Amino acid sequence: MTRNRSDDDYGHVPSEAAPYLMLEDRTDPNNADFAEFAEGVPTPLAREVDTPDFPFYALPKPVGAFVHALAESTQTAPGLAGGAALAALSAAAGGFYQVQVRPGYSEPVNLFIAVIAGSGERKSSVMKAATAPVREVERDLYQELAPGLLEQATQRDIAERYAEKAKREAGNASDPAKRDELMSAAISAAGQAEAMKIMAPPRIIGDDVTVEALDSLMAEQGGRFAILSSEGGLFTELSGRYSPNTDITNVLMAHAGDPIRVDRKGRPSEFVEDPALTVGIMIQPPILAEAMNNRAFMGSGLMARFMYSWPPSMVGRRSVDPEPVSAHITQGYRDALYSLACDARKAGVTTTLYLSPEADEARLVYAEQIEHELGPGGSLAHMQAWASKVVGAAVRMAGLFHAATERDSTTISGDTMDAGIVLAKYFTAHATRVFDGLSDGAASHALARRVVSLIRRKELDWFSVRDLIGAAPTWLPTREVAQPAVDLLVDLGYLFEIEPERKPGPGRPPAKKYRVHHSVFDANPPQQIKRNQQNPNIADSAELAEPPTAPYDDEPRCPTHRTIIGATGKCVECVHDRAAATLKETAA
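A short tour of the structure in this document, coming up. (Residues numbered from 1 in each chain as written. Predicted model: local features only at pLDDT ≥ 70, side-chain atom pairs only at ≥ 80, totals over all residues. Heavy atoms only, no water.)

Across its full length, the protein chain holds 20 helices and 14 strands. Buried residues in the protein chain amount to 48% of all 588 residues. Once local pairs closer than 6 in sequence are excluded, the contacts in the protein chain between residues at least 24 apart make up 72%. In the structure as shown, the protein chain presents an accessible area of about 28800 Å², 52% of it carried by carbon and sulfur atoms. (Helix = DSSP H or I, 4+ residues; strand = E, 2+ residues; numbered from the N terminus. Buried < 20%, exposed > 50% of the residue type's maximum accessible area, 1.4 Å probe, protein only. Contact = heavy atoms within 4.5 Å. Areas by Shrake-Rupley, 256 points an atom, 1.4 Å probe, with all protein chains shown as cover.)

Let us look at the environment of H518. In this structure, H518 sits in the loop between β14 (513–516) and α20 (572–587). Assessed through its relative accessible area of 28%, H518 is described here as partly exposed. Considering only alpha carbons, one finds H518 and A38, 480 residues apart in sequence, at a separation of 7.3 Å. Within the structure, H518 has its side chain in polar contact with the backbone oxygen of A38 (distance 3.1 Å). (Polar contact = N/O pair within 3.5 Å; in protein donor to acceptor, adjacent residues only side chain to side chain.)

Let us look at the nonpolar core. Judged by nonpolar contacts, the single largest core of 124 residues is most densely connected at L86, F235, L277, L288, L302, Y308 and W386. Broken down by element, this core gets its largest block of residues, twelve residues, from helix α16 (residues 414–438). The contacts of W386, once residues within four sequence positions are left out, are M303, A304, F306, M307, Y308, F427, T428, A431 and F435. I469, A472, V486 and Y494 belong to the second largest nonpolar core, which has 26 residues in total. (Core = buried A, V, L, I, M, F, W, Y, C linked by side-chain atoms within 4.5 Å.)

This part takes up the packing of helix α4 (residues 78–93) against helix α15 (residues 390–405). Running from N to C, α4 and α15 point in directions that differ by 70°, and their axes come no closer than 10 Å. Relative to α15, the element α4 is oriented roughly perpendicular. In this structure, α4 crosses over α15, and the sense of that crossing is left-handed. For the pair α4 and α15, contact is made by L86, L89, S90 and A93 and by M397, L400, F401 and A404, respectively. Class assignment for the residues of the contact of α4 with α15 results in seven nonpolar, one polar and no charged. (Axes fitted to C-alpha atoms, helices over the stretch in contact; angles between N-to-C directions. Parallel < 35°, antiparallel > 145°, perpendicular 65-115°, else oblique. Left-handed = near helix turned anticlockwise from the far one by under 90°. Nonpolar A, V, L, I, M, F, W, Y, C, P; charged D, E, K, R; others polar.)

Once that is clear, we can look at the packing of aromatic side chains. Taken as a whole and judged by the stated rule, the model has nine aromatic pairs. Where F56 meets Y57, the ring centres are 5.9 Å apart and the plane angle is 70°; that geometry is what we call edge-to-face. Side by side, F56 and Y57 carry an identical accessibility label, which is buried. An aromatic cluster of three or more residues is present, and its members are F112, F306, Y308 and F435. Directly above the ring of Y338 sits R334, whose terminal nitrogen or CZ lies 4.1 Å from the centroid. Taking NZ or CZ as reference, R450 lies 4.4 Å from the ring centre of W475, over its face. (Phe/Tyr/Trp six-rings, centres within 6.5 Å; stacked < 30°, edge-to-face > 60°. Lys NZ or Arg CZ within 6 Å of the ring centre and 35° of its normal.)

A few words now on helix α3 (residues 61–74). With 14 residues, α3 should cover 20 Å at 1.5 Å per step; its first-to-last C-alpha distance of 20 Å lies within 8% of that length. All buried positions along α3 are accounted for by V63, G64, A65, F66, V67, A69, L70, A71 and T74. In the segment just after α3, Q75 is the residue with positive phi, at about 55°. (Expected span 1.5 Å × (residues − 1).)

This next bit is on unusual backbone geometry. Here R122, not a glycine, exhibits a phi torsion of approximately 65°, which is positive. Tracing the backbone shows R122 in the loop between β3 (112–116) and α5 (123–172). With a phi angle near 55°, E459 is a residue other than glycine that sits in the positive phi range. The class for E459 is partly exposed, based on a relative accessible area of 39%.

Attention shifts here to the sheet that holds strand β8 (residues 276–283). The sheet built from five strands is open, its strands ordered β4-β5-β8-β3-β9 with parallel pairing. With partners counted over all chains shown, the strands left at the sheet margins are β4 (205–206) and β9 (306–309), one partner each. Of the strand pairs in this sheet, β3 and β9 are connected by four bridges, and their pairing is parallel. Across the sheet, V115 pairs through a bridge with S309, a residue of β9. Sitting on the sheet, helix α7 (residues 211–220) touches β5 (224–229) and β8, and the angle it makes with β5 is about 140°. Contacts from α16 reach β3 and β9, with the element oriented near 85° to β9. (Pairing = 2+ DSSP bridges.)

Considering all chains together, one arrives at two cavities of 30 Å³ or more under this definition. Computed from the structure, the second largest cavity encloses a volume of approximately 40 Å³. In terms of lining, the second largest cavity is formed by A91, G94, R203, I204, R224, F225, A226, A276, T278 and R345. At three residues, β5 tops the list of elements feeding residues into the lining of the second largest cavity. The residue inventory of the lining of the second largest cavity, partitioned by class, reads five nonpolar, two polar and three charged. (1 Å grid on protein atoms, 1.4 Å probe; cavity = no way out; pocket = protein on both sides within 12 Å on 5 of 7 lines; lining within 4 Å. Points joined across faces, edges and corners; volume = space filled by probe spheres on them.)

Moving on, we get to helix α13 (residues 357–374). Here α13 contains 18 residues, and its C-alpha end-to-end distance of 26 Å stays within 8% of the 26 Å for a straight helix at 1.5 Å per residue. For α13, the full list of buried residues reads A359, A362, R363, Y366, Q369, I370, E373 and L374. In a view along the axis of α13, the buried residues occupy a sector of 140°, so they form one face of it. Seen from the open side of α13, the exposed residues pointing more than 90 degrees away from its buried face are P357, E368, E371 and H372. Packed against the buried residues of α13 are β1 (97–102), β10 (351–355), α14 (384–387), α15, β11 (411–412) and α16. (Arc of directions from axis to C-beta.)

Taken as a whole and judged by the stated rule, the model has eleven salt bridges. R203 is the salt-bridge partner of E138, the closest N and O atoms lying 3.8 Å from each other. Residue E138 is located in helix α5, and its partner R203 is located in the loop between α6 (176–195) and β4; the two are separated by 65 residues in the primary sequence. Judged by relative accessible area, which is 15%, E138 ranks as buried. Note that D335 is salt-bridged to R334, the shortest N-O span being 3.1 Å. Overall, D335 belongs to the partly exposed group, its relative accessible area being 34%. Classification of R334 as partly exposed rests on a relative accessible area of 23%. Among the charged side chains, a salt-bridge network with shared partners connects E136, R334 and D335. (Salt bridge = Lys/Arg side-chain N within 4 Å of Asp/Glu carboxyl O.)

See the structure below:
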């Protein structure tokens, strides 16, 4: 119900509404419960996180230019193409590089990346374009090695047939001396056939593979493999939905680079000393939400290994006739990834990279910032498992960027480390949204925020649940949906529950009414923060939480943009401006 508000509404004089509605007058200022409610401050609701745009300018120039152009061409957010291109870059490096941070501690350069996007977001088109150079390398390597593979298979087949013939002859011999002689020959032939190794066909990328097949592929490819998919079937497979005996241990260890053991039926166990699995998937929010609430995934640290990108949807705002990616930008991207993937596989050795003093200083500063936020009350305290790995992820990305652009040197510069940190900060913001928005309890807080927004927009001083359903039947269709959100708002101090007067006699008892806390209608509520402008599904002005303070204000800031200056003496906006100018020159 809507009516004009005044100071009388909030406990300064007895409410006139209650006797009219035949409700128990619990809004009398002498009522201790209502006085406590009116004078109190509601507990902030969990808020949506502002997610920044993908910083394509931090990528190596040919990769960043391609990401920007592909996003324009497909009319998708840059975070979609950026996540796919970064996963493709990780697949290209294929575990052939590692970064030694200090003696005894190295980071491989493979990444786990999950891009969150709904249906109709052109995920397949983006993934196909971003991974095309790596698939081309895989095809060319196979064609180059095909004659040798055929020769090896033929020689092995002949050797096995000869060994089988020798075994039959030994078994058929009647003379003991002759049988012993033939037996020795059969054993020798069988050993020679077994010793003949057939090189596995080169594989870089897989899509829809089982966990058992993944183990075999990693063993065949020396531990270096990539799962790049525009769907989230990997989580369905890892959850054991199709096989109750699914073991994800090797997947976890292949991210960290720890040695793994592969057991296969009918064949001896194989050991992979330095595995490097890349995962790049595009996943719909409901599937990711199911994974986030999977105890095995969360408890094992699987979900903490992914870098998350949750770009805004462009559906409904897309140009129907966008410009295609120019040929020279496509060629530049193709050459960068093709040469990286092909050269690394032909060399066949792992190259160790090292941090320059400037790069190591930037890493340490960033690590101290993260450590500070991991403590009690810190912005990352609720996602410690994920945030504890983000500095290592920044090092991995810096190693990838260096491998793509500076293969003549093994020293990572401060500029490159800064670029890795810029990407790590992007993924941190998006991971915060994932852990806040898809974990247990997040959905109820999200619905409660929408209810608060509805109350404010409709100016509902007091109401029943039926009133709410009537005001928003599309997303509050039934009492079963609306009541939990109302109960949560009561518990947090936004609403005051008024029990109706129960009169004797037949008929349905009157519904409960709820009084709204005055802070919801304040012109400048002290706990209101700006909503997430990138999420069109969030109700307007719905968040009620403490505004985040600017972190690390003691850090040096750019005099032009007031942004933190990196170890190279430039802020992110300065780098962005320079990259944008370069893109314009390239396009011209």
